[in-house]
Amino acid sequence: RDKRIGIFLKTVYFLNLAAFLAGLVVLSTRQASGYYQCNSITVDFGSAVWGDAVVEVSPGEFEEWTLVFSTFNGVYKKNGTQAGRPVYQETRKFDRLPYDYAMVPLIVPAEIKYSEDVDAWVFTHSKIGKKRGDESRSWLLRSPETTEYDLLNVGSDWEIWVGVIGATQVSYSCEEC
């Protein structure tokens, strides 16, 4: 009789361990694939203006434009990952769909992503640089240094490039999880 109770308890223990490990595998797999991250966010960059932004208007041709950061306010949808974190890409303002490169190849969306170079979340645009020939197209806005995987857990006090580094408030919220 004691042997049967011992076998029963070991079986219950083993089944409990197997259920726990299965749950852990499911959670870890979903977390690694970005299942728990926000699929789209609404972002407000404030009202800052940069008077001397260098914009690549066609390959190799640059012009200085006035950059009004509020034109980038709106919905950003998750478009892949980088460094294990989501990359959010700007959507069209009128219908919140991704830009269609086949129809209008000149329009390039902005991105919000994590940069391992500065250990922060950054706002970038591949056609806007800080100076002529700026191939890196480095950040236009960046969060404080962080290792956070979820943008929504990053503070709202960001640095902004307006010819010099300034401070600004960036607000964002989850649109669709």
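All of the points below concern the structure found in this document. (Residues numbered from 1 in each chain as written. Predicted model: local features only at pLDDT ≥ 70, side-chain atom pairs only at ≥ 80, totals over all residues. Heavy atoms only, no water.)

### Some words on the sheet that holds strand 3 (residues 61-68)
Consideration 1: Ordered in space as 3-2-8, the 3 strands form an open sheet in which the pairing is antiparallel. Across the chains shown, the open sheet's two edge strands, defined by having one partner strand only, are strand 3 and strand 8 (128-129).
Consideration 2: Judged from the 7 bridges that link them, strand 2 (residues 49-58) and strand 3 form a sheet pairing that is antiparallel. Bridge pairing in strand 3 places Val54 opposite Glu64. (Pairing = 2+ DSSP bridges. Helix = DSSP H or I, 4+ residues; strand = E, 2+ residues; numbered from the N terminus.)

### Regarding the nonpolar core
Nonpolar side chains tend toward joint burial in soluble globular proteins.
Consideration 1: Among the nonpolar cores identified, the biggest contains 29 residues, and Phe45, Tyr76, Ile112 and Phe123 are the most heavily contacted of them.
Consideration 2: Sequence-distant contacts of Phe123, that is, excluding residues within four places in its chain, are made with Phe45, Phe72, Tyr76, Ala110, Glu111, Ile112, Trp139, Leu140, Leu141 and Trp158. (Core = buried A, V, L, I, M, F, W, Y, C linked by side-chain atoms within 4.5 Å. Buried < 20%, exposed > 50% of the residue type's maximum accessible area, 1.4 Å probe, protein only. Contact = heavy atoms within 4.5 Å.)

### Description of the pattern of salt bridges
Consideration 1: On inspection of all chains with the given rule, the structure shows 3 salt bridges.
Consideration 2: Lys127 is the salt-bridge partner of Glu56, the closest N and O atoms lying 4.0 Å from each other. Residue Glu56 is located in strand 2, and its partner Lys127 is located in the loop between strand 7 (120-124) and strand 8; the two are separated by 71 residues in the primary sequence.
Consideration 3: Residue Glu56 is classed as buried on the basis of its relative accessible area, which comes to 16%.
Consideration 4: With a relative accessible area of 26%, Lys127 lands in the partly exposed category. (Salt bridge = Lys/Arg side-chain N within 4 Å of Asp/Glu carboxyl O.)

### Quick notes on a negative patch on the surface
Consideration 1: A cluster of acidic residues, Glu116, Asp117, Asp119 and Glu145, forms a negative patch on the protein surface.
Consideration 2: As for its position among the elements, Asp117 is in the loop between strand 6 (111-115) and strand 7.
Consideration 3: Asp117 gets classed as exposed once you look at its relative accessible area, which sits at 76%. (Patch = residues over 30% accessible without salt bridge, like charges linked within 9 Å, V, L, I, M, F, W, Y side chains within 5 Å. Areas by Shrake-Rupley, 256 points an atom, 1.4 Å probe, with all protein chains shown as cover. Lys, Arg positive; Asp, Glu negative; His and termini not counted. Charge placed at Lys NZ, Arg CZ, Asp CG, Glu CD.)

### Describing the environment of Thr146
Consideration 1: Tracing the backbone through its elements, the reader meets Thr146 in the loop between strand 9 (141-142) and strand 10 (157-161).
Consideration 2: Linking Thr146 and Ala120, residues 26 residues apart in sequence, is a C-alpha distance of 5.4 Å.
Consideration 3: The contacts of Thr146, once residues within four sequence positions are left out, are Tyr114, Asp119, Ala120, Trp121 and Val154.
Consideration 4: Within polar-contact distance, the side chain of Thr146 engages the backbone nitrogen of Glu148 at 3.0 Å. (Polar contact = N/O pair within 3.5 Å; in protein donor to acceptor, adjacent residues only side chain to side chain.)

These values are about where atoms sit, not about what they do.
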